[in-house]
Amino acid sequence: MAEAPAAAASAVQPVGPLLAVRGLNAWYGESHVLQGMDFDVAPGEVVTLLGRNGAGKTTTLRSIMGVMRKRAGSIVFADRQTIALPARTVARLGIGYVPEERGIFASLSVLENLHLPPVFSRSAMSDQEISDLFPNLRERLSSQGTRLSGGEQQMLAIARILRTGARFLLLDEPTEGLAPVIIEQIGRTIGLLKERGYTIVLVEQNFRFASTVADRHYVVEQGRVIDMIKNRDIAANLDKLQNYLGI
Amino acid sequence: MLTDLIGIPIQALAGQLLLGLINGSFYAMLSLGLAIIFGLLHIINFAHGAQYTMGAFAAWMGMTYAGIDYWWALLLAPLVVGLIGVAIERLLLVRIRNLPALYGLLLTFGLALIIQGLFRNYFGASGLRYPIPAALSSGTNLGFMFLPHYRAWVLFVSLAVCLVTWFLIERTTIGSTLRAAQENPNLVEAFGINVPRLITITYGAGVALAAFAGVLAAPIYSVQPQMGADLLIVVFAVVVIGGMGSILGSVVTGLCLGLVEGLTKVFYPEASSVVIFFIMILVLMVKPEGLFGRAS
Ligand SMILES: Nc1ncnc2c1ncn2[C@@H]1O[C@H](COP(=O)(O)OP(=O)(O)OP(=O)(O)O)[C@@H](O)[C@H]1O
Ligand SMILES: [Mg+2]
């Protein structure tokens, strides 16, 4: 490992981490997928998890969220140990999750999708703010959720968790399979959320996109964090990174 | 005046159609409950007929032992039986949630036999009489037929119950949460919603619906241990024909098959007890996912 993650986090912002993951292990049945993940996320940071297909990025987000059945280790969020908590309790601590497949419900309208997660914090975005942030959704509220385009579904998936009041977001490949204009729009949204003080963990394959929005990058390989690269050092580490990602 | 249709008196035809509609409304209510339970728990609730029987017996016992009248029974019996459903889910079904659906079917089948056996043991196999409530005991002559008020009431209430259920599921927040949980329970849980509790409530509500139908049935069909089992066989055929997919589908299929049964009684009585199964086999051949079902 190149650098102790805790030290790296405090170099960016002089506060304790909002999320501290230590020795995180997770299994799908007998298959041992996460084998001791360690990383930190400071308040207000945008951090990415980069890595090849099957490295364990999605599984990491699922473990933090509490959706993984079999996991062990330590996940401390806002000074609270969450490793044994059910997903619904984790969500209510203020963590919002946008899954890899976006998770738009086909049997729900756009509006029903948007209103599905209960609001549990006063910092929740109002319907007006949501509508200003994602104007494309405004005209489509009564459509079936899965009738939206891929980009619109991604917007809806993000809007849906902003409405709950979550200030810590887990976004799993939000740009996957989307057109460049839409990717740009999502980039602007993430930038805006960062300005407003949201903390974001972003899983990305597209590290060019990642480098436009993130503060730091963790490289994941075979269920472990093998390196951490600050965004401002990314140019100097391009070869190394391309080697890690196999591109 | 036209008094008969190809040799069948209008009176008899209208009477059979009304009977068919009433049977159909029971098919509708029961298949609705089955569909809701199956949608979320992925369990074919074989105890559904026994739970309907429990509703009828609860009404009968309330009246016989505690003087509780029909109208209170209509409220209390579903409540009590629904709570028993909640207990069944919390104590038994929850333990087999991660096993294949077949186990749920076997467990509820076992429960059905136990419940039925208990009733037979205590009340015997012959029917018990439950009187029609006084306010509905008369009828009206419509000219072409005599309409007993209680039957009109059953038809009205069961349709209203189906409509309210449809509204709850398709047009309210609880309903959209339920639909979302049917699609992807893990994600719904990750949004901070207590899915296990939703499952318990859903099972309880489905069971309460069966019990409600049981109370409605008590004054028309005789109250006896076998009443639910006999009905459930037909309801399963209705569910296969309609498909598990849609709420409205179950209701429409239930009513239509009741009517078809009624018509068969008029035109070819020998086939009336099997016509639904005949249609079921036809549908399985042609559209195995059911008329309103989604192919998966
Ligand atoms: N439901 C599952 N059951 C069994 N194994 C799984 C399951 N989901 C993922 N895996 C395995 O776990 C490992 C990590 O998967 P994960 O989805 O976390 O990778 P990822 O880094 O998100 O990959 P990608 O970039 O392709 O999304 C892979 O080897 C994958 O095959
Ligand atoms: Mg993934």
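Next up on the list: the overall build of chain B. Scanning chain B from terminus to terminus reveals 11 helices and 4 strands. Summarising its shape, the C-alpha atoms of chain B cover approximately 65 × 50 × 35 Å along the three principal directions. When burial is assessed residue by residue, chain B has 46% of its 296 residues classed as buried. Put simply, of all contacts in chain B between residues at least 6 apart along the chain, 77% involve residues at least 24 apart.

Attention now goes to the site of ligand 1. All names here are of chain A. In the vicinity of ligand 1, 13 residues are found, and the nearest of them are Tyr 28, Asn 53, Lys 57, Thr 58 and Thr 59. Only strand E2 (31–41) and helix H2 (57–65) provide two or more residues apiece to the shell around ligand 1. Across the shell around ligand 1, the residue classes tally to 3 nonpolar, 8 polar and 2 charged.

Residues and elements named next belong to chain A. Spatially, the 6 strands line up as an open sheet ordered E6-E7-E8-E3-E9-E10, and their pairing is mixed. Strand pairing shows two members of the sheet lacking a second neighbour, strand E6 (95–98) and strand E10 (224–230), which therefore form its edges. Pairwise comparison of adjacent strand axes, ignoring direction, gives a mean angle of 20° for this sheet. Pairing of strand E3 (residues 46–50) with strand E9 (residues 216–221) involves 4 bridges; the strand directions are parallel. Across the sheet, the residue bridging to Leu 50 is Val 219, located in E9. Here H2 sits on the sheet in contact with E3, E6, strand E7 (168–172), strand E8 (199–204) and E9, set at roughly 150° to E7.

So, on to the packing of helix H1 (residues 10–41) of chain B against helix H9 (residues 227–242) of chain B. Residue and element names in this part refer to chain B. Between H1 and H9, whose axes approach to 9 Å, the crossing angle comes to 70°. The angle between the axes of H1 and H9 places the two elements in the roughly perpendicular class. As H1 packs across H9, the resulting crossing turns out to be right-handed. The residues of H9 that touch H1, namely those facing Phe 26, Tyr 27, Leu 30, Ser 31, Leu 34 and Ala 35, are Leu 231, Val 234, Val 235, Val 238, Val 239 and Gly 242.

What follows deals with helix H8 (residues 180–195) of chain A. All names here are of chain A. Here H8 contains 16 residues, and its C-alpha end-to-end distance of 23 Å stays within 8% of the 22 Å for a straight helix at 1.5 Å per residue. Ile 183, Ile 186, Ile 190 and Leu 193 are the residues of H8 that are buried. Down the axis, H8 shows its buried residues gathered within 80° of arc, on one side only. Seen from the buried face of H8, the exposed residues on the opposite side, beyond 90 degrees, are Pro 180, Val 181, Leu 192 and Glu 195. Along its buried surface, H8 packs onto E3, helix H7 (150–162), E8 and helix H9 (207–213). Looking one or two residues past H8, Gly 197 carries a phi angle of roughly 95°, positive in sign.

All names here are of chain B. Along the chain, the position of Leu 232 falls in helix H9. Through-space distance from the C-alpha of Leu 232 to that of Ser 31 is 8.9 Å; in sequence the pair is 201 residues apart. In contact with Leu 232, other than residues within four places in its own chain, are His 48 and Gly 49.

Attention now moves to unusual backbone geometry. For residues other than glycine, phi is negative in most cases, and the peptide bonds are mostly trans. The backbone of Gln 222 of chain A shows a phi angle near 45°, a positive value even though the residue is not glycine. Looking at the secondary structure, you find Gln 222 of chain A in the loop between E9 and E10. In this model, His 42 of chain B sits at a positive phi of 55°, which is unusual for a non-glycine residue. Mapping His 42 of chain B onto the fold places it in the loop between H1 and helix H2 (48–66).

With that settled, the discussion passes to the sheet that holds strand E5 (residues 80–81) of chain A. Residues and elements named next belong to chain A. Strand order in this open sheet of 4 strands is E2-E1-E4-E5, and the pairing throughout is antiparallel. A single partner strand is all that each edge strand has here, and the edge strands are E2 and E5. Where strand E1 (residues 19–28) and strand E4 (residues 70–77) come together, 7 bridges link them in antiparallel fashion. In the sheet register, Ala 20 faces E4, and the bridge partner there is Val 76. The strands touched by H2 within the sheet are E1, E2 and E4, with E2 carrying the most contacts at an inclination of about 75°.

Interfaces are often described in size by the accessible area the parts lose on coming together. The interface of chain B with chain A comprises 15 residues on the first partner and 20 residues on the second. Listed by contribution, the elements that provide at least two residues to the side of chain B that touches chain A are helix H6 (173–183) and helix H7 (185–190) of chain B. Partitioned by chemical class, the residues of the side of chain B that touches chain A number 5 nonpolar, 7 polar and 3 charged.

All names here are of chain B. Interhelical geometry of helix H5 (residues 149–171) versus H6 gives an angle of 70° and a closest axis separation of 5 Å. Relative to H6, H5 is oriented roughly perpendicular. Two secondary-structure elements touch here, H5 through Leu 168, Ile 169, Glu 170 and Arg 171 and H6 through Ile 174, Gly 175, Leu 178 and Arg 179. By residue class, the composition of the contact of H5 with H6 is 4 nonpolar, 1 polar and 3 charged.

Each value, and the rule that gives it
Residues numbered from 1 in each chain as written. Chains lettered and ligands numbered in written order. Predicted model: local features only at pLDDT ≥ 70, side-chain atom pairs only at ≥ 80, totals over all residues. Helix = DSSP H or I, 4+ residues; strand = E, 2+ residues; numbered from the N terminus. Buried ≥ 20, exposed ≤ 12 C-beta atoms within 10 Å, placed from the backbone. Contact = placed C-beta atoms within 7 Å. Near = placed C-beta within 6 Å. Nonpolar A, V, L, I, M, F, W, Y, C, P; charged D, E, K, R; others polar. Pairing = 2+ DSSP bridges. Axes fitted to C-alpha atoms, helices over the stretch in contact; angles between N-to-C directions. Parallel < 35°, antiparallel > 145°, perpendicular 65-115°, else oblique. Left-handed = near helix turned anticlockwise from the far one by under 90°. Expected span 1.5 Å × (residues − 1). Arc of directions from axis to C-beta.

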